[in-house]
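One letter stands for each residue in the lines below.
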Amino acid sequence: MEIERKFLTDLKNLPFRPEDFPCRKIEQGYLCTSPVVRIRRDNDEYFLTYKSKGLMVREEYNLSLTEESYEHLRQKIDGRLITKTRYVIPLEEGLSLELDIFEGSLAPLVLAEIEFPDQESAAAYKAPEWLGEDVTMSPRYHNSTLSML
């Protein structure tokens, strides 16, 4: 189960430099957007992911792929291939912020996601102002939707 909140973030408002934190290069495409079936390259790891419908709470299942399987499926995606750099920033209470800086035709979009252990803590979370607009309940900011724009 994935329980996360998502924010539309402006790099100019951040109280830290993303470059001071670990990052990963991500490339992902969608074989289907309803339900979501995604392939992803995360640095040198490859995955096939299923995500159920939902906004803040969704089922998520990941299956490892070989690079060859990923490259084969990459040729079959619908819509655009999404590329982004993801910085992982530790937060209080054991939480972490995943800051996605989109590249290519989705630049200069920046989204921040925080994953929570349960729905109660996600609902109770008081986001700092610098995170920006809470877009958790907007399907427009799902990567699967962005892939089709």
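The text that follows walks through the structure, step by step, so that each part is easy to find.

Rules behind the numbers
Residues numbered from 1 in each chain as written. Predicted model: local features only at pLDDT ≥ 70, side-chain atom pairs only at ≥ 80, totals over all residues. Heavy atoms only, no water. Helix = DSSP H or I, 4+ residues; strand = E, 2+ residues; numbered from the N terminus. Buried < 20%, exposed > 50% of the residue type's maximum accessible area, 1.4 Å probe, protein only. Areas by Shrake-Rupley, 256 points an atom, 1.4 Å probe, with all protein chains shown as cover. Lys, Arg positive; Asp, Glu negative; His and termini not counted. Charge placed at Lys NZ, Arg CZ, Asp CG, Glu CD. Core = buried A, V, L, I, M, F, W, Y, C linked by side-chain atoms within 4.5 Å. Contact = heavy atoms within 4.5 Å. Phe/Tyr/Trp six-rings, centres within 6.5 Å; stacked < 30°, edge-to-face > 60°. Salt bridge = Lys/Arg side-chain N within 4 Å of Asp/Glu carboxyl O. Pairing = 2+ DSSP bridges.

**What to know about the overall build of the protein chain**
Part 1 of the reasoning: Scanning the protein chain from N- to C-terminus turns up 3 helices and 10 strands.
Part 2 of the reasoning: Counting all 149 residues of the protein chain, 42% fall into the buried class.
Part 3 of the reasoning: When the accessible surface of the protein chain is totalled, it reaches about 8,100 Å², and 52% of it is carbon and sulfur.
Part 4 of the reasoning: If you average the places of the 19 positive and of the 27 negative side-chain charges in the protein chain, the two averages end up 5 Å apart.

**Focus: the nonpolar core**
Part 1 of the reasoning: Core analysis: the largest hydrophobic core is formed by 18 residues, its most contacted members being Leu-97, Leu-99, Ile-114, Phe-116, Tyr-125 and Leu-131.
Part 2 of the reasoning: For this core, the secondary structure elements donating two or more residues are strand S1 (2-8), strand S7 (78-90), strand S8 (96-102) and strand S9 (110-115).
Part 3 of the reasoning: Tallying contributions element by element places S9 first for this core, with 3 residues.
Part 4 of the reasoning: Look past the residues within four positions of Leu-99 in its chain and what remains in contact with it is Thr-9, Leu-11, Leu-14, Phe-16, Pro-18, Thr-85, Arg-86, Tyr-87, Ile-89, Val-110, Leu-111 and Ala-112.
Part 5 of the reasoning: Core analysis: the next-biggest nonpolar cluster, separate from the first, contains 10 residues, Leu-106, Leu-109, Leu-111 and Val-135 among them.

**Some remarks on the packing of aromatic side chains**
Part 1 of the reasoning: All told, the structure shown has 5 aromatic pairs when counted by the stated rule.
Part 2 of the reasoning: These aromatic residues form a ring-pair network of at least three members: Phe-16, Phe-21 and Trp-130.

**Comments concerning the pattern of salt bridges**
Part 1 of the reasoning: Applying the stated criterion across every chain yields a total of 14 salt bridges.
Part 2 of the reasoning: Here Glu-19 and Arg-17 are joined by a salt bridge, their closest N and O atoms 3.9 Å apart.
Part 3 of the reasoning: The exposure class of Glu-19 is partly exposed, given its relative accessible area of 49%.
Part 4 of the reasoning: Connected through shared salt-bridge partners, Glu-27, Arg-41, Glu-71 and Arg-74 make up one network.

**Details of the environment of His-72**
Part 1 of the reasoning: Locating His-72 in the fold gives a position in helix H1 (residues 67-74).
Part 2 of the reasoning: Assessed through its relative accessible area of 48%, His-72 is described here as partly exposed.
Part 3 of the reasoning: Sequence separation of His-72 and Glu-27 is 45 residues, and the distance between their C-alpha atoms is 14 Å.

**A few points about unusual backbone geometry**
Part 1 of the reasoning: A cis amide bond links Ser-34 with the next residue in sequence, Pro-35, at an omega value of 0°.
Part 2 of the reasoning: A positive phi is found at Asn-43, a non-glycine position, where the angle reads about 55°.
Part 3 of the reasoning: If you trace the backbone, Asn-43 turns up in the loop between strand S3 (36-42) and strand S4 (45-51).
Part 4 of the reasoning: The exposure class of Asn-43 is partly exposed, given its relative accessible area of 32%.

**Regarding the pairing of S9**
Part 1 of the reasoning: Burial analysis of S9 places 5 of its 6 residues in the buried class, the great majority of the element.
Part 2 of the reasoning: Inspection of the sheet shows S1 paired to S9 by 5 bridges, in the antiparallel sense. Residue Leu-8 lies in a different strand from S9, and its bridge partner there is Leu-111.
Part 3 of the reasoning: Here S8 runs beside S9; their pairing, made up of 5 bridges, is antiparallel. Bridged to Leu-97 within S9 is Ile-114.

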